[in-house]
Amino acid sequence: MKVLVIGGGAREHALCRSLSLDPDVTALHCAPGNAGIAEVAELHPVDQLDGAAVAALATELGAELVVVGPEAPLVAGVADAVRAAGIPVFGPSREAAQLEGSKAFAKDVMAGAGVPTARSYVCTTPAEIDEALDAFGAPYVVKDDGLAAGKGVVVTEDVEAARAHALACDRVVIEEYLDGPEVSLFAITDGTTVLPLKPAQDFKRALDGDEGPNTGGMGAYSPLPWADPKLVEEVLETVLQPTVDELRRRGTPFSGLLYAGLAITSRGVRVIEFNARFGDPETQVVLARLKTPLAGVLLNSANGTLDDQAPLSWSDEAAVTVVVASHNYPDTPRTGDPIEGLAEVAEQDAPHAYVLHAGTKRDGDAVVSAGGRVLSVTATGTDLAQARERAYAAVGRIRLDGSQHRTDIARKAAEA
């Protein structure tokens with residue numbers, strides 16, 4: 001089949017890489033893509049928030065499946081426009097994507113579905129904000145209600161910092177702090193059937209030891225050797241299936257990728273947040289372990305035929321991804337710096353390690369940085385220790401002036 005992927009980050013590069021390895025994919029396109037994606041897919045310029053433009057491009061290319069990667073196009077209704085053009089699309093409708101687009105909507109759905117989550121208040125005035133902060137106490141958890149590219153959440157002991165973030169948002173969700181390790185669990189769904197993938201853990205803070213500001217994610221790993229073997233089964237029963245059933249009951253069926261961000265607390269599993277698309281950087285490690293060809297699974301989701309899908313096949317290997325970020329990220333990043341060492345990784349580290357591009361573009365013969373998170377260096381191994389070793393060896397070959405990366409991705413899990 002001919003496939004069009006919408007987006008241009010490392011998540012989309014991971015999706016395109018997997019789709020390019022699928023024998024059923026006869027032509028692969030990406031819009032707008034990046035310098036790395038260009039090696040496996042044909043790139044096209046498009047405003048990815050313009051549903052009519054995306055649908056027109058898909059029609060022109062004769063695409064038989066459109067995969068919408070990022071959250072902003074989904075919340076903007078791009079999947080609806082492609083569906084209206086009669087083309088199967090992997091990704092939820094604008095209404096269903098409010099599960100990510102509005103924290104308040106997600107909390108309402110969870111209440112209706114009986115899904116365990118943190119107690120919370122939705123606040124729109126300074127008085128409501130002060131009341132909520134007072135009710136929960138430190139550590140304070142303050143979330144912008146809308147999309148904020150993974151950087152709309154502040155967790156702090158400082159009430160003034162919490163209040164300042166809340167006041168800067170139009171509408172804000174303030175909730176109780178959830179203790180315990182965090183897990184990302186993705187599930188592919190067609191609105192009825194729910195197919196969970198393997199869990200992963202990502203690292204949100206910019207610096208080693210979970211210090212520094214929140215980012216879009218600085219690395220991830222899978223599997224989670226410390227997690228309960230029944231975790232996926234439990235989350236499917238208590239979180240994923242009830243949420244999909246509740247959205248269908250409300251007349252806003254959710255098809256595409258349902259991402260549950262979970263806290264494994266002393267009182268059991270709690271949902272921190274939902275996302276309406278593959279997570280970045282967790283996708284990089286989850287897809288590195290998936291052996292089942294990807295296109296057919298996504299098409300079954302798009303067509304409502306996921307109950308026909310054979311059980312997914314997974315590698316026993318571990319995967320680790322390390323994000324190489326620009327100077328000054330997550331604040332305004334410096335861009336336009338040349339990236340060197342990509343050919344060396346391809347020559348010396350493949351097939352166990354490879355580079356997925358995020359914020360990159362071509363400048364003549366050079367590849368240069370074009371965003372905050374620039375590369376996701378991904379590696380597999382027989383266990384997490386070997387996957388880490390391979391990932392960091394490949395990171396060591398990359399040269400990008402002023403770049404930064406964490407040195408402790410998956411370290412604790414590998415040493416456990």
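Here, every reference points to the structure presented above.
Note that the coordinates shown come from a computational prediction; the quantities given were computed from them, not determined experimentally.

Q: Just to check I follow, could you spell out the sheet that holds strand S15 (residues 219-222) for this structure?
A: Neighbouring strands of a sheet are bound in pairs by backbone hydrogen bonds; such pairs are parallel or else antiparallel. Reading across from one edge, S12-S15-S18-S22-S19 is the order of the five strands in this open sheet, with antiparallel pairing throughout. What marks the edges here is a single partner per strand, and that holds for strand S12 (201-202) and strand S19 (353-357). Alignment of S12 against S15, held across two bridges, turns out to be antiparallel. Looking across to S15, one finds that aspartate 202 is bridged to alanine 220. Each of S12, S15, strand S18 (318-325), S19 and strand S22 (373-381) touches helix H10 (residues 282-289); the most contacted strand, S18, lies at about 150° to it. Here helix H13 (residues 384-395) sits on the sheet in contact with S15, S18, S19 and S22, set at roughly 30° to S18.

Q: Got a minute to help me understand helix H9 (residues 231-249) in this structure?
A: Note: α-helices contain 3.6 residues per turn, so residues at a spacing of three or four share the same orientation. Under the 1.5 Å per step criterion, the end-to-end length of H9 is 26 Å for 19 residues, consistent within 8% with the ideal 27 Å. A maximum bend of about 40° is found in H9 at glutamate 237. What H9 keeps buried is the set Leu231, Val235, Val239, Leu240, Pro242, Thr243, Val244, Glu246 and Leu247. If you follow the buried residues of H9, they end up packed against helix H5 (98-101), helix H6 (103-113), strand S10 (182-189), strand S11 (194-196), strand S16 (256-265) and strand S17 (268-275).

Q: Is there a simple way to think about the pairing of S18 in this case?
A: Working note: regular strand, side chains alternate between the two faces of the sheet. S18 sits mainly inside the fold: eight of its eight residues count as buried. Burial along S18 is two-sided: the face carrying Ala318, Val320, Val322 and Val324 and the face carrying Ala319, Thr321, Val323 and Ala325 are both buried. Sheet topology note: the S15/S18 ladder contains four bridges and is antiparallel. Note on S18: the bridge partner recorded for serine 222 is alanine 319. Here S18 pairs with S22 via eight bridges, running antiparallel. Within S22, the residue paired with threonine 321 across the bridge is threonine 378.

Q: Just to check I follow, could you spell out the pattern of salt bridges for this structure?
A: Pairing between side chains becomes possible if they bear opposite charge and their charged atoms approach one another. All chains considered together, the criterion is met by 24 salt bridges. Across the pair arginine 267 and glutamate 176 runs a salt bridge, and its minimum N-O distance is 3.9 Å. Linking arginine 267 in the loop between S16 and S17 with glutamate 176 in the loop between strand S9 (172-175) and S10, this pair joins segments that are 91 residues apart in sequence. Residue glutamate 176 is classed as buried on the basis of its relative accessible area, which comes to 13%. Measuring nitrogen to oxygen at the nearest pair gives 3.2 Å for the salt bridge that ties arginine 248 to aspartate 245. Highlighted residues: arginine 248 and aspartate 245, both in helix H9, separated by three residues, approximately one helical turn. A residue is classified by how much of its surface remains accessible, and arginine 248, at 36% relative accessible area, is partly exposed. For aspartate 245, a relative accessible area of 29% corresponds to the partly exposed category. Overlapping salt bridges bring together Arg11, Glu12, Glu71, Glu100 and Arg277 as one network.

What counts, and at which threshold
Residues numbered from 1 in each chain as written. Predicted model: local features only at pLDDT ≥ 70, side-chain atom pairs only at ≥ 80, totals over all residues. Heavy atoms only, no water. Pairing = 2+ DSSP bridges. Helix = DSSP H or I, 4+ residues; strand = E, 2+ residues; numbered from the N terminus. Contact = heavy atoms within 4.5 Å. Axes fitted to C-alpha atoms, helices over the stretch in contact; angles between N-to-C directions. Expected span 1.5 Å × (residues − 1). Bend = angle between axes of the 7 residues up to and from the residue. Buried < 20%, exposed > 50% of the residue type's maximum accessible area, 1.4 Å probe, protein only. Salt bridge = Lys/Arg side-chain N within 4 Å of Asp/Glu carboxyl O.

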